[in-house]
Every structure is written in structure tokens, then in C-alpha cells.
Amino acid sequence: MKTIHILIGMLAAILTLTSCSDDDNTSPKVKPAEAVLGEWFNQVKTNGVLDGVPYDAYALMVKFQDDGHGLFLQYFLKDGQLVNALGSMTDYTVDSNEKISIVVSEVKVSLGENVRFADNKLFLDMPQHNLLGLILVRPTDAQKQLAKEWDAIIEEWGGKGGDGDTGTEVTDEGASEPARARSR
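How each quantity is defined
Residues numbered from 1 in each chain as written. Predicted model: local features only at pLDDT ≥ 70, side-chain atom pairs only at ≥ 80, totals over all residues. Heavy atoms only, no water. Helix = DSSP H or I, 4+ residues; strand = E, 2+ residues; numbered from the N terminus. Buried < 20%, exposed > 50% of the residue type's maximum accessible area, 1.4 Å probe, protein only. Contact = heavy atoms within 4.5 Å. Areas by Shrake-Rupley, 256 points an atom, 1.4 Å probe, with all protein chains shown as cover. Pairing = 2+ DSSP bridges. Axes fitted to C-alpha atoms, helices over the stretch in contact; angles between N-to-C directions. pLDDT = per-residue confidence, 0-100.

### Quick notes on the overall build of the chain
- When its secondary structure is counted, the chain shows five helices and nine strands.
- Tracing the chain from N to C terminus, the helices and strands come up as α-α-α-β-β-β-β-β-β-β-β-β-α-α.
- Put simply, the chain has 184 residues, and 30% of those count as buried.
- The long-range fraction of contacts in the chain, counting pairs at least 24 apart against all pairs at least 6 apart in sequence, stands at 39%.
- Carbon together with sulfur atoms contributes 54% to the accessible area of the chain, which is approximately 12200 Å² in total.

What follows is the structure, encoded as C-alpha cells:
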């Protein structure tokens, strides 16, 4: 009987050792800073006015690069059309509790509050814009395409928001077709 108990004990020890393979112990853990890399997106319905231009929706794209720098893009829409935009280069850090600090590079001002990463989502509050509880997710292909189109419009504006200052030349011939097409 004693031999059976010893054999069962040895068998249990062998099973315990073989149940953990080297692959189980070496599987890479993704650090919070690595997990936030890339693009994050959200679009919300909200009314407001920016630089005298009314909008009824707001889209936000946040990009994190692996060097601690990023980009914060705000798109303001009216009836589905881009009417204004703001953007800032950013610096960011992620602490061990997955809390993120985003700072506008040029002015060293904190961008948002309570910025954190959890459940593959980016959470932030922007009280200065009356936007609380924003949840950003990875953009879909359609959202990436929209952002590309909006970026092209911003480029046409001369890289500035839709404040009317696009560097358009005044001539006796009137507006060109692209200039006439953009109206608010």
C-alpha cells in the first residue's frame, strides 16, 4: 500500500512538472506603453462653435508613436462635412498603472484628464471641451479613410483649421471650382 502512495505521489509530481512548458513561462507580456501604440478614434454628436464656425459632431484621433511622441487631431463636423480642425504634436508617458499623461509639445500643457488604457480602450476626459468619459477605440478602415479625407481637406486649407484663412489668391476671374465647392 505504501508503494502505491509513493507511486501516486511521484506520478503527481511528474504531471505537475510537465503541465508547465517553457512556452507558458516565456510568452511575452505586452507592456501598457506598447499596448497604446498606434491610432485611437472616437466621434461624438455635440453642438458647439469654434472660431465662429458651428459644428454638430466632433471626431478625435490620437496617435501614439513608440518614441514617446504622438499627435492629437480634432475634427469638427457640420452635417457630416469638415468645417474646422485642430491638431497638436504631443509627448506622452505611460506609468505602471496604465495611466497616461499626454502633453502638448509646444506649450507643455496637459491634454485631457484621467487618461488611461484598459480593456483595449483609451479613456479620457476633456473638461475644457465639456467632453467627459470619452472612450476611444482602434479606428475601423472606414474611420481611417474618413480621417485621410479630412486631412486632405485640411491640407487644401493650407494646414490650418477652417477659419477662412487658406491663402486663397484674390483675382478678377472669381473663385476656381475647388474654392467654390467649399462652403459652410
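There is more to say after this.
### Digging into the sheet that holds strand β9 (residues 131-136)
- Strand order in the open sheet formed by three strands is β7-β8-β9, with antiparallel pairing between adjacent strands. The outermost strands of the open sheet, each flanked by one partner alone, are β7 (113-118) and β9. Looking at each pair of strands side by side, their axes are set apart by 10° on average, direction ignored.
- Pairing geometry for β7 and strand β8 (residues 121-126), over four bridges, is antiparallel. Directly across from Phe-117, in β8, lies its bridge partner Leu-122.

### Remarks on the confidence of the model for the chain
- Model confidence for the chain is summarised by a mean pLDDT of 77, while 68% of its residues fall at 70 or above.
- Within the model, pLDDT remains below 50 along residues 2-23, and this stretch shows one contact once partners closer than five positions in the same chain are excluded.
- Low pLDDT (under 50) marks residues 163-184, which in the prediction has 12 contacts with non-local residues, meaning those over four places away or in another chain.

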